[in-house]
Every structure is written in structure tokens, then in C-alpha cells.
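Structural description and commentary
Below, each chain spelled out in residue letters.
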Amino acid sequence: MRLASADHFAGFAAECALKAILLDYLGGHLDRSSRPTHPELTGKPYFGHANEIWGQLAGTAHGRTANQFTIFLSGPNPFNNWNVGERYSDGTHLDEQHVDDHLNAANKAISMHEQAKINGALS
């Protein structure tokens with residue numbers, strides 16, 4: 001397995017899933033530049049990459065319908081050690097555990113979005 005590529009795509013998969021949840025279930029919308037944003041977002045005007053969006057989303061998920069999602073986000077950010085710029089690295093500093101953690105978190109985010117589509121809401 002190419003760890004650098006797997007790690008890079010895990011971050012983007014998680015980012016896409018989290019932004020889909022934001023837009024589909026948490027009241028987010030696209031701004032004039034087609035970037036996802038939310039009325040409660042303070043500071044940065046739009047949601048960032050996987051390492052940033054985790055903490056940003058935690059402030060937008062409210063209520064009973066977002067309970068499981070809020071619990072998911074309240075844990076440590078598994079992407080704190082992920083950086084979009086890693087795509088330019090040789091990946092020699094990555095190990096399988098590092099990448100597995102990111103892949104597992106991305107799979108969980110994707111699963112949450114898929115389950116919300118089935119249920120019609122976050123649960």
C-alpha cells in the first residue's frame with residue numbers, strides 16, 4: 001500500500017463526507033465562491049480541510065437529531081496530524097497505524113452521511 005497516497009485520500013474523503021453532512025443536515029450552504037459555510041461559523045469564512053473542519057463542525061451540530069454526530073465529533077480530532085501539503089511529501093515518515101487511523105475516521109464519517117441519507121436525518 002502506498003501510505004502517502006492512502007493518507008492523502010483518507011483526509012479528502014473525510015473532508016468531503018463532513019462537508020456533505022454540513023450541507024445536507026446541519027444548515028450549511030455554499031457561498032458565492034461555492035465553498036461550504038454556515039451562519040454560525042466564526043473566524044474563517046468557510047470550512048477548511050480535514051484537519052480544520054473537525055473542530056469547526058462541532059460548533060454547528062445541535063439538538064437531538066445531531067446527537068450521534070456530536071458525540072463522534074467530540075472525541076479527539078483524528079486529523080490533527082494530517083496536512084493537505086503531505087501530498088508533496090515522500091511519505092517516509094508515515095506508518096500503517098497513522099494511515100489506518102485516518103482511513104477509519106474517514107470511513108466513519110462516510111458511514112454517518114450514508115446512515116443519515118437512509119434515516120432522513122442525523123441520528
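Now for a quick tour of the structure.

The rules behind these values
Residues numbered from 1 in each chain as written. Predicted model: local features only at pLDDT ≥ 70, side-chain atom pairs only at ≥ 80, totals over all residues. Heavy atoms only, no water. Helix = DSSP H or I, 4+ residues; strand = E, 2+ residues; numbered from the N terminus. Rg over C-alpha atoms; globule rule 2.2 N^0.38 Å. Core = buried A, V, L, I, M, F, W, Y, C linked by side-chain atoms within 4.5 Å. Buried < 20%, exposed > 50% of the residue type's maximum accessible area, 1.4 Å probe, protein only. Contact = heavy atoms within 4.5 Å. Arc of directions from axis to C-beta. Axes fitted to C-alpha atoms, helices over the stretch in contact; angles between N-to-C directions. Parallel < 35°, antiparallel > 145°, perpendicular 65-115°, else oblique. Left-handed = near helix turned anticlockwise from the far one by under 90°. Nonpolar A, V, L, I, M, F, W, Y, C, P; charged D, E, K, R; others polar. Phe/Tyr/Trp six-rings, centres within 6.5 Å; stacked < 30°, edge-to-face > 60°.

Of regular secondary structure, the chain possesses four helices and two strands. Counting helices and strands in the order they occur from the N terminus, the chain gives α-β-β-α-α-α. Over its C-alpha atoms the chain spans a radius of gyration of 15 Å, differing by no more than 12% from the 14 Å that the globule rule assigns to 123 residues. Each principal axis of the C-alpha distribution contributes one length, and for the chain these read about 40 × 30 × 20 Å.

Turning our attention to the nonpolar core. Residues Leu18, Leu26, Leu57, Phe69, Phe72 and Phe79 are the most contacted members of the largest nonpolar core, which totals 25 residues. Elements supplying a minimum of two residues to this core: helix H1 (3-25), helix H2 (50-58), helix H3 (67-74) and helix H4 (96-119). Once residues lying within four places of it in the same chain are set aside, the contact partners of Leu57 are Leu18, Leu22, Leu26, Phe47, Phe69 and Leu73. Counting five residues, the second-largest nonpolar core is a separate cluster that includes Leu3, Ala4, Ala6 and Leu94.

Of the positions making up H3, those classed as buried are Phe69, Phe72 and Leu73. When H3 is viewed along its axis, its buried side chains cluster within an angular range of 90 degrees and face the same direction. In this fold, the buried residues of H3 make contact with H1, H2 and H4.

With that settled, consider the packing of H1 against H4. It is the contact of H1 with H4, at a shortest axis distance of 8 Å, that shows an interaxial angle of 25 degrees. Accordingly, the angle class assigned to the pair H1 and H4 is roughly parallel. Crossing angle aside, the handedness with which H1 passes H4 is left-handed. Counted together, Leu3, Ala6, Asp7, Ala10, Ala13, Ala14, Ala17, Leu18, Ala20, Ile21, Asp24 and Tyr25 of H1 and Glu96, His98, Val99, His102, Leu103, Ala106, Ala109, Ile110, Met112, His113, Ala116 and Lys117 of H4 form the full contact between these two elements. Here the residues of the contact of H1 with H4 are counted per class, giving 17 nonpolar, three polar and four charged.

With that settled, consider the packing of H1 against H2. The N-to-C vectors of H1 and H2 enclose an angle of 30 degrees; their axes lie 9 Å apart at closest approach. By the angle class used here, H1 and H2 are roughly parallel. Along this stretch, H1 crosses H2, giving a crossing that reads as left-handed. Between H1, through Gly11, Glu15, Leu18, Lys19 and Leu22, and H2, the contact on the second element is made entirely by Ala50, Ile53, Trp54 and Leu57.

Evaluated as defined, the whole model comprises four aromatic pairs. Aromatic pair Trp54 and Phe79: ring centres 6.1 Å apart, planes at 50 degrees, arrangement tilted. Taken together, the residues span a long stretch of sequence, with Trp54 in helix H2 and Phe79 in the loop between H3 and H4 at a distance of 25 residues. Residue classification places Trp54 among the buried positions, given a relative accessible area of 3%. The class of Phe79 is buried, set by a relative accessible area of 0%. Relative to Trp82, the ring of Phe79 lies with its centre 6.5 Å away and its plane at 90 degrees, an arrangement referred to as edge-to-face.

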